[in-house]
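Examination of the molecular architecture
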Amino acid sequence: MKLTNLISVAVFAFLGGCGRFLLSSWLSTDGIIIANLLGCFLLSLLTYYVIERGIFTDWLTTGLGTGFIGAFTTFSTFATTTIKLAQQQWGAALAYFLISAIGGLIMALLGFTLAKNLGRSSK
């Protein structure tokens with residue numbers, strides 16, 4: 001493993017974690033949903049457009065994907081928020097779970113579709 005990749009992941013993870021913290025502080029549960037949905041979209045776009053075409057260097061794509069998006073979106077936050085909501089109100093927990101799961105798939109599909117369309121237009 002390259003040192004530049006490790007440093008890139010560490011720096012971008014710090015930035016992604018700060019971004020998630022700010023969103024969740026500002027918007028509470030809505031901020032977590034936004035971070036997770038946006039992260040699904042961005043990771044799909046990054047994977048299927050930027051990485052496949054070699055647009056950025058290896059250290060930058062590793063930092064953005066694994067570091068930033070990995071810290072910006074987090075399964076542990078999703079899981080603990082679902083449990084916290086379930087303790088208060090099952091309907092809210094179910095809605096949060098479904099919006100996150102189905103919305104995440106939809107956002108990933110949108111990112112994939114955009115990446116493929118951008119790829120066609122750049123040829």
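What you are looking at is a predicted structure, and each value in this text was computed from that prediction instead of being measured. (Residues numbered from 1 in each chain as written. Predicted model: local features only at pLDDT ≥ 70, side-chain atom pairs only at ≥ 80, totals over all residues. Heavy atoms only, no water.)

1. Notes on the packing of helix α2 (residues 29–53) against helix α4 (residues 75–88)
- Relative to each other, α2 and α4 sit at 145 degrees, their axes nearing to 11 Å. Considering the relative orientation of α2 and α4, their crossing is left-handed. Between α2 and α4, the contacting residues are T29, I32 and N36 on the first element and T77, F78, T81 and L85 on the second.
- Along the lines of polarity and charge, the residues of the contact of α2 with α4 split into three nonpolar, four polar and no charged. (Axes fitted to C-alpha atoms, helices over the stretch in contact; angles between N-to-C directions. Helix = DSSP H or I, 4+ residues; strand = E, 2+ residues; numbered from the N terminus. Left-handed = near helix turned anticlockwise from the far one by under 90°. Contact = heavy atoms within 4.5 Å. Nonpolar A, V, L, I, M, F, W, Y, C, P; charged D, E, K, R; others polar.)

2. Some remarks on the nonpolar core
- In this structure, I32, I33, L37, F78, L85, A86, A93 and Y96 together form the largest nonpolar core, which totals eight residues.
- At the level of elements, α2, α4 and α5 (90–121) are the ones that each hand at least two residues to this core.
- When neighbours within four sequence positions are excluded, Y96 is seen to be in contact with T29, I32, I33, N36, T77, F78, T81, T82 and L85.
- Counting seven residues, the second largest nonpolar core, distinct from the first, contains L45, L46, V50 and A115. (Core = buried A, V, L, I, M, F, W, Y, C linked by side-chain atoms within 4.5 Å. Buried < 20%, exposed > 50% of the residue type's maximum accessible area, 1.4 Å probe, protein only.)

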